[in-house]
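An overview of the molecular structure
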Amino acid sequence: MIDGPGDGRSDLWGPLRERYARPGPRRLLALDGGGIRGVMTLEILAEIERQLRELRGAGPEFRLCHFFDYVGGTSTGAIIAAGLARGMSVAELLDFYTAVGPQMFDRAAIWNRWKHLYDADPLQRQLQQVFGADADLFPASLRCLLLVVTRNSTTDSPWPISSNPLARYNDPARPDCNLRIPLWRLVRASTAAPVYFPPEVIEWDPKDPAKAFVFVDGGITPYNNPALLLYRMATLPEYRLGWPSGEDRLMLVSVGTGSAPLLGTTAADPESHLLATGKGVLGALMNGAGIEQDLNCRVFGRCVHGPVIDRELGDLVPREADGEPIPLARDLGRAFLYARYQPDLTAAGLAALGLTGIDPAKVQALDAVDRIDDLRRIGRVAAARDVRMTDFGVLASA
């Protein structure tokens, strides 16, 4: 059922009403932040889109929004998630990133961007063009549910903004209804990475100055990897969707922008590079939070694919005594099926993909705009190796 808890708001689903009135199963897609490395995410999504299209015998009009019921993203993942929710193909988003990526993530233009603090900057114009200047979070603007992770600097708190029409703060009777915020502004707020872009100021209620907030990159919250957050917002009754859990009812696909641990000081020289260590604190916290989100998804969900967490835990894919994965036909009682796609950008990881000709240091930076071709190649090779519809079980064709 899609009706709210007796609040008479089921009509807000508009053109999405018939789809979300069906009982399920449901599929969730969570997309990490990570700057220009989002092109790797897109190459992995392209393979998922291709295999789903083939499995379903669909034509070129098939889109991931036809399969995934709820798409969420942070920072660069928010750009991709918004495009998918609008009905864009992965190829269209790849064209967008290839053309506009250098403008979005190149450090060379930092000063020029900050001069545009109170003007229409290039990213604003590009986002308006690709998403539509008038598109908002009402169902008429989207093809599936959308979650955008932002950080409200004014209140010092993460603000996950959902298009769920039943959510408490999405009631059109409220003067500060979330659904009225232009989609491009929410995406701009989620991508307002410090150093790269000025903050985004959004007036939630134009008549109330207290409802004007400053937003910075959603990636500097615990939800740069928004997978577990998306699961909670889809299932907890407080968010008013209340989708049922279960391995045959819910699948969560999580796509990262590549792992690249930054090695620190050694025991032989523990006090060296203290300045570098200090500068890396934020990155270390974000990396640790992302790993924790992934690990929790593997604990509560049933992992069907994912890189090794560490040498003690392994990949947490449930296995038989002989090491073979337990068939999905045997329900283990987990809350959802879970697949994590995350290319390894270390020298060892690239070598495992047969990509020894790519310099790891050149592709690990969030602003590696001169390495888009290499990043896309990594994404394609990783996707060809890792993406298998058999991991989606019956939810692939349901």
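Before reading further, recall that the structure is shown in the block above.
Residues numbered from 1 in each chain as written. Predicted model: local features only at pLDDT ≥ 70, side-chain atom pairs only at ≥ 80, totals over all residues. Heavy atoms only, no water.

1. What to know about the overall build of the protein chain
When helices and strands are tallied, the protein chain shows 13 helices and 9 strands. Across the protein chain, contacts joining residues at least 24 apart in sequence account for 72% of those joining residues at least 6 apart. Carbon together with sulfur atoms contributes 54% to the accessible area of the protein chain, which is approximately 17,700 Å² in total. (Helix = DSSP H or I, 4+ residues; strand = E, 2+ residues; numbered from the N terminus. Contact = heavy atoms within 4.5 Å. Areas by Shrake-Rupley, 256 points an atom, 1.4 Å probe, with all protein chains shown as cover.)

2. A few points about the pattern of salt bridges
Going through the model one piece at a time under the given rule, you end up with 22 salt bridges. One salt bridge in this structure joins Asp176 and Arg174, with 2.9 Å as the shortest N-O distance. Classification of Asp176 by relative accessible area gives buried; the value is 8%. By relative accessible area, Arg174 is classed as partly exposed at 26%. Residue Lys211 pairs with Asp176 through a salt bridge whose shortest N-O separation is 2.9 Å. In this pair, Lys211 is assigned in the loop between β5 (200-203) and β6 (212-216) and Asp176 in the loop between β4 (157-162) and α7 (183-190), connecting sequence segments 35 residues apart. On the accessibility criterion, Lys211 (25% relative accessible area) is partly exposed. What you see here is one network of salt bridges that share partners, running through Arg19, Arg26, Arg27 and Asp69. (Salt bridge = Lys/Arg side-chain N within 4 Å of Asp/Glu carboxyl O. Buried < 20%, exposed > 50% of the residue type's maximum accessible area, 1.4 Å probe, protein only.)

3. Describing the nonpolar core
Judged by nonpolar contacts, the single largest core of 108 residues is most densely connected at Leu45, Ile48, Tyr70, Leu84, Tyr97 and Leu252. A total of 8 residues in this core trace back to one element, the largest contributor, which is helix α4 (residues 90-105). (Core = buried A, V, L, I, M, F, W, Y, C linked by side-chain atoms within 4.5 Å.)

4. A word on unusual backbone geometry
The omega torsion across Gly24 and Pro25 is 10 degrees, close enough to zero to call that bond cis. Phi angles above zero are rare outside glycine, and Ser75 is one such case at about 55 degrees. Exposure remark for Ser75: the relative accessible area of 7% places this residue in the buried category.

5. Here's the deal with the packing of helix α3 (residues 76-85) against α4
Relative to each other, α3 and α4 sit at 145 degrees, their axes nearing to 11 Å. Classified by chirality, the crossing of α4 by α3 is right-handed. Residues Thr76, Ile79, Ile80, Gly83 and Leu84 of α3 form the contact with α4, whose participating residues are Val90, Leu93, Phe96, Tyr97, Met104 and Phe105. Taken together, the residues that form the contact of α3 with α4 break down as 9 nonpolar, 2 polar and no charged. (Axes fitted to C-alpha atoms, helices over the stretch in contact; angles between N-to-C directions. Left-handed = near helix turned anticlockwise from the far one by under 90°. Nonpolar A, V, L, I, M, F, W, Y, C, P; charged D, E, K, R; others polar.)

6. Overview of the packing of aromatic side chains
As enumerated under the stated definition, the model contains 13 aromatic pairs in all. With a centroid separation of 5.4 Å and 85 degrees between ring planes, the pair formed by Trp159 and Trp204 is classed as edge-to-face. Of the two residues, Trp159 is situated in strand β4 and Trp204 in the loop between β5 and β6; the sequence distance between them amounts to 45 residues. The partly exposed category is assigned to Trp159, whose relative accessible area is 23%. When the centroid spacing of 4.6 Å and the interplanar angle of 45 degrees are considered together, the rings of Tyr231 and Phe336 count as tilted. In this pair, Tyr231 is assigned in helix α8 (residues 227-235) and Phe336 in the loop between β8 (302-305) and β9 (337-341), connecting sequence segments 105 residues apart. By relative accessible area, which is 14% here, Tyr231 ends up buried. Joined through ring pairs, the aromatic side chains of Trp13, Tyr20, Tyr70 and Trp243 make up one cluster. The ring of Trp243 has Arg26 sitting right over it, with the charged end atom 5.0 Å from the ring centre. Taking the ring centre of Phe67 as reference, the NZ or CZ of Arg27 above it sits at 4.2 Å. (Phe/Tyr/Trp six-rings, centres within 6.5 Å; stacked < 30°, edge-to-face > 60°. Lys NZ or Arg CZ within 6 Å of the ring centre and 35° of its normal.)

7. Re the side chain of Asp69
Assignment of secondary structure puts Asp69 in the loop between α2 (38-56) and β2 (70-74). On the basis of relative accessibility, which here comes to 3%, the residue Asp69 falls in the buried class. Among the polar contacts listed, one links the side chain of Asp69 to the side chain of Arg19, at a separation of 3.1 Å. Those residues in contact with Asp69 that lie beyond four places of it in its chain are Arg19, Tyr20, Pro25, Arg26, Arg27, Cys144, Leu145 and Trp243. (Polar contact = N/O pair within 3.5 Å; in protein donor to acceptor, adjacent residues only side chain to side chain.)

8. Points about the packing of α2 against α3
In contact at an axis separation of 9 Å, α2 and α3 are set at 35 degrees when each is read in the N-to-C sense. By crossing handedness, the relation of α2 to α3 is classed as right-handed. Facing α2, whose interface residues are Gly38, Thr41, Leu42 and Leu45, α3 presents Thr76, Ile80 and Leu84. Its residues assigned to classes, the contact of α2 with α3 comprises 4 nonpolar, 3 polar and no charged.

Function cannot be inferred from these measures alone, as they are strictly geometric.
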